[in-house]
Amino acid sequence: MSYLDPRAGRPSGDDTNVPAPYFYDTPTPAWQGDPDANSPVTELGTDVPTPKGAKGRRRASRSQSKGKSRAGRNLPAAIGVGLSLGVVVLASLLIERRALLAVLVVASGIGVWEMSKALTAAGSRIPLIPLVGGSALMTGLAWYGGPDALVLGLLVTIGAAVLWRLADGLAAVRRDFTGTVLTAVYGPFLLSFAAMLVFPDDGAWRVICTLVAVVLSDTGGYAAGVFLGQHPMAPKISPKKSWEGFAGSLTAAAIGSGALLFFLLDVPVYWGLLFGAVISVVAVMGDLAESMLKRDLGIKDMSNLLPGHGGLMDRLDSILFAVPTAYLLFAIIIPS
């Protein structure tokens, strides 16, 4: 999930008590006294008759602490952190593209730490030092050597991590191997594609177009879900996502990318429409993958590192899938 989208900072869609993107809700049953039992509730805080003695939604919302949104987050802190992250990324792109490498190394290292912390709570012991070092190695190799060097960096990172765990015996290696590979791939490897995406002369605009497509997808999905959402998309993974919201994601990302790629990169509109639609699909897949992972681990957020946002990986879930996809699409649309 992008740190620039309107969902940033909300608890994940796994929490059924807060509206996630692609929000939908079930009708209030007629036995509760709703005069129109078939009208969906589209927003928290809507006045809905409740049984006698029950605490109404309006009264519950008034009892929330000052400074927090109805989603339960500290809204000023969330906005401040989100804007700060956006400024750092944009500055690294527009002032000196190579500065993005430092941003990627830091982000990958934090992602490895968050994954290690989450998997340790689930019973695995992830070798933090070789994976953090490997994340920096993969970023550098992706910039200087391209995709083949990136794959080599991934293999070296996994090999170093396995040797590190071998000190505790073969049983430790077998137990922690899956978690180690997941940590190396799900953060540093996928994020390193941004180093290759920004490498061409117009690379800064390619990265910006990719991030904007993700933001448009998240924003369009949220807006369409709030006003139109009725049919659940993946109720066992993220109960508040709807197919109507997904359609809003596709529409917003496709139209916005069609215009953006045409004006910034001189790409035909039809390629821009396709680019936005594909990025939207993989962004939603990334969001669902993160939700499924956190459900399996029994956690709501990867960490509490970012005030009002949760963990960094909670903000990068859509971007992690979008960046390598954008790299492949641009290789077709604008071959260099």
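Analysis parameters
Residues numbered from 1 in each chain as written. Predicted model: local features only at pLDDT ≥ 70, side-chain atom pairs only at ≥ 80, totals over all residues. Heavy atoms only, no water. Helix = DSSP H or I, 4+ residues; strand = E, 2+ residues; numbered from the N terminus. Buried < 20%, exposed > 50% of the residue type's maximum accessible area, 1.4 Å probe, protein only. Contact = heavy atoms within 4.5 Å. Areas by Shrake-Rupley, 256 points an atom, 1.4 Å probe, with all protein chains shown as cover. Phe/Tyr/Trp six-rings, centres within 6.5 Å; stacked < 30°, edge-to-face > 60°. Core = buried A, V, L, I, M, F, W, Y, C linked by side-chain atoms within 4.5 Å. Salt bridge = Lys/Arg side-chain N within 4 Å of Asp/Glu carboxyl O. Patch = residues over 30% accessible without salt bridge, like charges linked within 9 Å, V, L, I, M, F, W, Y side chains within 5 Å. Axes fitted to C-alpha atoms, helices over the stretch in contact; angles between N-to-C directions. Parallel < 35°, antiparallel > 145°, perpendicular 65-115°, else oblique. Left-handed = near helix turned anticlockwise from the far one by under 90°. Nonpolar A, V, L, I, M, F, W, Y, C, P; charged D, E, K, R; others polar. Pairing = 2+ DSSP bridges. pLDDT = per-residue confidence, 0-100.

## Notes on the overall build of the protein
Point 1. Scanning the protein for helices and strands turns up 10 helices and two strands.
Point 2. Each helix (α) and strand (β) of the protein, taken in turn from the N terminus, gives the series α-α-α-α-α-α-α-β-β-α-α-α.
Point 3. Residues counted as buried form 50% of the 336 residues belonging to the protein.
Point 4. Across the protein, every contact between residues at least 6 apart in sequence was considered, and the portion connecting residues at least 24 apart equals 71%.
Point 5. Here the protein has roughly 15400 Å² of accessible surface; of this, 67% comes from carbon and sulfur atoms.

## Thoughts on the packing of aromatic side chains
Point 1. As enumerated under the stated definition, the model contains eight aromatic pairs in all.
Point 2. Grouped by ring-pair contacts, the aromatic residues W143, Y144 and F199 constitute a single cluster.

## Structural notes on unusual backbone geometry
Point 1. Although it is not a glycine, D266 sits at a positive phi angle of roughly 55 degrees.
Point 2. Relative to the elements of secondary structure, D266 occurs in the loop between α8 (243–265) and α9 (269–297).

## Some details on the nonpolar core
Point 1. Residues L93, F275, I279 and F330 are the most contacted members of the largest nonpolar core, which totals 58 residues.
Point 2. The element that contributes the greatest number of residues to this core is helix α10 (residues 312–333), accounting for 11 residues.
Point 3. Apart from the residues within four sequence positions on either side, L93 is in contact with L100, V198, A204, V207 and I208.

## Some thoughts on the pattern of salt bridges
Point 1. Inspection of the entire model under this criterion finds eight salt bridges.
Point 2. A salt bridge links D176 to R175; the shortest N-O distance between them is 2.9 Å.
Point 3. We classify R175 as partly exposed; its relative accessible area is 43%.
Point 4. Between R206 and D202 there is a salt bridge; the shortest N-O distance is 2.9 Å.
Point 5. Of the residues examined, R206 reaches a relative accessible area of 6% and is grouped as buried.
Point 6. Salt bridges linked by common partners bring R125, R165, D168, R175 and D176 together as one network.

## Remarks on a nonpolar patch on the surface
Point 1. A cluster of nonpolar side chains, L90, L94, I95, W205, I255, F262, F263, L264, V269 and L273, forms an exposed patch at the surface whose accessible area comes to about 1000 Å².
Point 2. Considering every element that reaches the nonpolar patch, the biggest residue donor is α8, with four residues.
Point 3. Relative to the assigned elements, F263 resides in helix α8.

## Quick look at the packing of helix α7 (residues 203–228) against α10
Point 1. One can describe the packing of α7 onto α10 by two numbers: an axis separation of 10 Å at closest approach and a directional angle of 130 degrees. Relative to α10, the element α7 is oriented oblique. Every pair of crossing elements has a handedness; the one defined by α7 and α10 is right-handed. Judged by residue contacts, R206, C209, T210, L211, V214 and D218 of α7 engage S318, I319, A322, V323, A326 and F330 from α10.
Point 2. Its residues assigned to classes, the contact of α7 with α10 comprises eight nonpolar, two polar and two charged.

## Side note on the pairing of strand β2 (residues 238–242)
Point 1. Along β2, five of the five residues are buried, which leaves the element largely enclosed by surrounding structure.
Point 2. Between the end of strand β1 (residues 232–234) and the start of β2, which pair antiparallel, lie three residues.

## Some words on the packing of helix α3 (residues 99–121) against helix α4 (residues 128–166)
Point 1. Contact geometry of α3 with α4 gives a least axis separation of 9 Å together with a crossing angle of 150 degrees. As judged from the angle between their axes, α3 and α4 are roughly antiparallel. Classified by chirality, the crossing of α4 by α3 is right-handed. Two secondary-structure elements touch here, α3 through L101, L104, V105, S108, G109, V112, W113 and S116 and α4 through L128, L131, V132, S135, A136, T139 and W143.
Point 2. Class assignment for the residues of the contact of α3 with α4 results in 10 nonpolar, five polar and no charged.

## Considering the confidence of the model for the protein
Point 1. The predicted model of the protein has a mean per-residue pLDDT of 79, with 74% of residues at 70 or higher.
Point 2. Counting interchain partners and residues more than four positions distant, the pLDDT-below-50 stretch residues 1–67 has 150 contacts.

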